[in-house]
Amino acid sequence: MAQQEADVFLKFDVVSDASDHYFFKSFNNISNKVHKKIMQEWKILEKDLPDSIYVRVYENRIDLLRAVIIGAAGTPYHDGLYFFDIAFPFDYPLKPPLLYYNSFGLRINPNLYSSGRVCLSLVNTWYGKKIEKWNPNESTLLQVLLSIQALVLNEKPYYNEPGHNMRPGRVIVEKKSNLYSEDVFVLACKTMLFNLRRPPKNFEGFVRSHFRERASIILSACNAYVNGGIRIGYYNYSGSGIATTEVSCDFKAKVAQLYPQMASAFINSGASLESSRRILTVEVKTAPFKEPVVMAKKKSGIVTRVFGKLKKVLGLKEKSGKNSVVKKTT
């Protein structure tokens, strides 16, 4: 298959080169029964994949496939690309598919380890209720991908960590959640750079085209977040409850360091950026100037009385104006 740009990149397609797949060396002898089940999975994916998920399967290794999920708006993962290598075990569907997240060594979510491990109830790598676990008679790979998109790459990933989801909404906990989202966005930006520098096989053209089209939005989001103009994850999002927020100095410093690298990588992918977009603009906020208030000193009662007697002795009297005096005539 020739490299396809995003505008003609099919959501589902069959390719031949699986050499860089994580499970490439783990060959499984597929029985006719498992082969039939995998073909059913292919049909479901080809028919029902949403616009934000793309899948490539392999003609010579039907036990393998690769999926990419586009980060959703309203999350700190927005506009990023998140790749997963997947393998069907020899006894599929009695056992769930095996998953590996292409992490580049980054821990971008409590459920996605830097080692590539994916913790998810649906594939039995995380605890959960019976109805949340893999069901050989009902569960599908499409459900797995949609679960990752909705439950893992979500709006507030801080609460995915065990124990953090007990009291959401409280001020202290929300502050920790916001700080975690800052870290996630930074790691998402790093993931963009890694994907551009080392795009997975069969997705090279798609990666370039994706970031070429979204470069301006991503960089504009960086500017908005650094300046506290909008909550992290909500740039270009029409949902409710969006508000301005202060971000940490550490976040500003990290984004400032990544920004020129991202701009350069986007330009190399073919993005056309205005000169103003190539530089991170950090607004300097100052408090409004207030003129100092000078308090007039009040004359003491004794001084006032003495001054009054002195005026009488000198033959002076007050005129209607406060500071005017006239000489007494005889």
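For the structure, see preceding data.
First things first, this report covers the structure right here in the doc. (Residues numbered from 1 in each chain as written. Predicted model: local features only at pLDDT ≥ 70, side-chain atom pairs only at ≥ 80, totals over all residues. Heavy atoms only, no water.)

Moving on: empty space enclosed by the protein. According to the stated counting rule, one finds one cavity of 30 Å³ or more in the structure shown. Put simply, the largest cavity is a space of about 140 Å³. Ser 177, Asn 178, Ser 181, Arg 231 and Ile 232 are, among the 13 residues lining the largest cavity, the residues nearest its centre. (1 Å grid on protein atoms, 1.4 Å probe; cavity = no way out; pocket = protein on both sides within 12 Å on 5 of 7 lines; lining within 4 Å. Points joined across faces, edges and corners; volume = space filled by probe spheres on them.)

This paragraph deals with the pattern of salt bridges. In this structure the tally under the stated criterion is 11 salt bridges. With a shortest N-O distance of 3.4 Å, Lys 11 and Asp 51 are connected by a salt bridge. With Lys 11 in the segment before β1 (12-15) and Asp 51 in the loop between α1 (32-48) and β2 (53-58), this residue pair connects regions lying 40 residues apart in the sequence. For Lys 11, a relative accessible area of 28% corresponds to the partly exposed category. Taking the shortest distance from any N to any O, the salt bridge between Asp 91 and Lys 95 comes out at 4.0 Å. (Salt bridge = Lys/Arg side-chain N within 4 Å of Asp/Glu carboxyl O. Helix = DSSP H or I, 4+ residues; strand = E, 2+ residues; numbered from the N terminus. Buried < 20%, exposed > 50% of the residue type's maximum accessible area, 1.4 Å probe, protein only.)

So, on to the pairing of strand β3 (residues 64-70). A regular strand places its side chains so that they alternate between the two faces of the sheet. Here β3 lies mainly inside the structure; seven of its seven residues are buried. Both faces of β3 are covered, namely the face carrying Leu 64, Arg 66, Val 68 and Ile 70 and the face carrying Leu 65, Ala 67 and Ile 69. Pairing between β2 and β3: five bridges, direction antiparallel. Residue Tyr 54 lies in a different strand from β3, and its bridge partner there is Val 68. Hairpin connection of β2 to β3: five residues between the antiparallel strands. Across seven bridges, the pairing between β3 and strand β4 (residues 81-87) is antiparallel. Each residue of the ladder has a partner; that of Leu 65, found in β4, is Ile 86. (Pairing = 2+ DSSP bridges.)

Note the cis peptide between Tyr 92 and Pro 93, where omega equals 10 degrees. Among the secondary structure elements, Pro 93 is positioned in the loop between β4 and β5 (98-101). Its identity as a non-glycine residue notwithstanding, Asn 202 has a phi of 75 degrees, on the positive side. Here Asn 202 shows up in the loop between α3 (171-197) and α4 (204-226).

Reading across from one edge, β1-β2-β3-β4-β5 is the order of the five strands in this open sheet, with mixed pairing throughout. Since the sheet does not close on itself, it has two edges, and those belong to β1 and β5, each with one partner. When the angles between neighbouring strand axes are averaged without regard to direction, this sheet yields 25 degrees. Here β1 pairs with β2 via four bridges, running parallel. When the bridges of β2 are listed, Val 14 appears paired with Val 57. Contacts from α1 reach β1, β2 and β3 within the one sheet, and its direction differs from that of β1 by about 135 degrees. Docked against the sheet, α3 engages β4 and β5, running at close to 70 degrees with respect to β4. (Axes fitted to C-alpha atoms, helices over the stretch in contact; angles between N-to-C directions. Contact = heavy atoms within 4.5 Å.)

With that settled, the discussion passes to the packing of aromatic side chains. Following the criterion strictly, the structure yields 20 aromatic pairs and no others. For the ring pair Tyr 54 and Phe 206, a centre distance of 4.7 Å and an interplane angle of 45 degrees mean the geometry is tilted. Here Phe 206 lies in helix α4 and Tyr 54 lies in strand β2, a separation of 152 residues in the sequence. Classification of Phe 206 by relative accessible area gives buried; the value is 2%. Taken together, a centroid distance of 6.3 Å and an interplanar angle of 50 degrees make the contact between Phe 185 and Phe 251 tilted. Of the two residues, Phe 185 is situated in helix α3 and Phe 251 in helix α5 (residues 249-268); the sequence distance between them amounts to 66 residues. Residues Phe 185 and Phe 251 agree in their burial class; the two are buried. (Phe/Tyr/Trp six-rings, centres within 6.5 Å; stacked < 30°, edge-to-face > 60°.)

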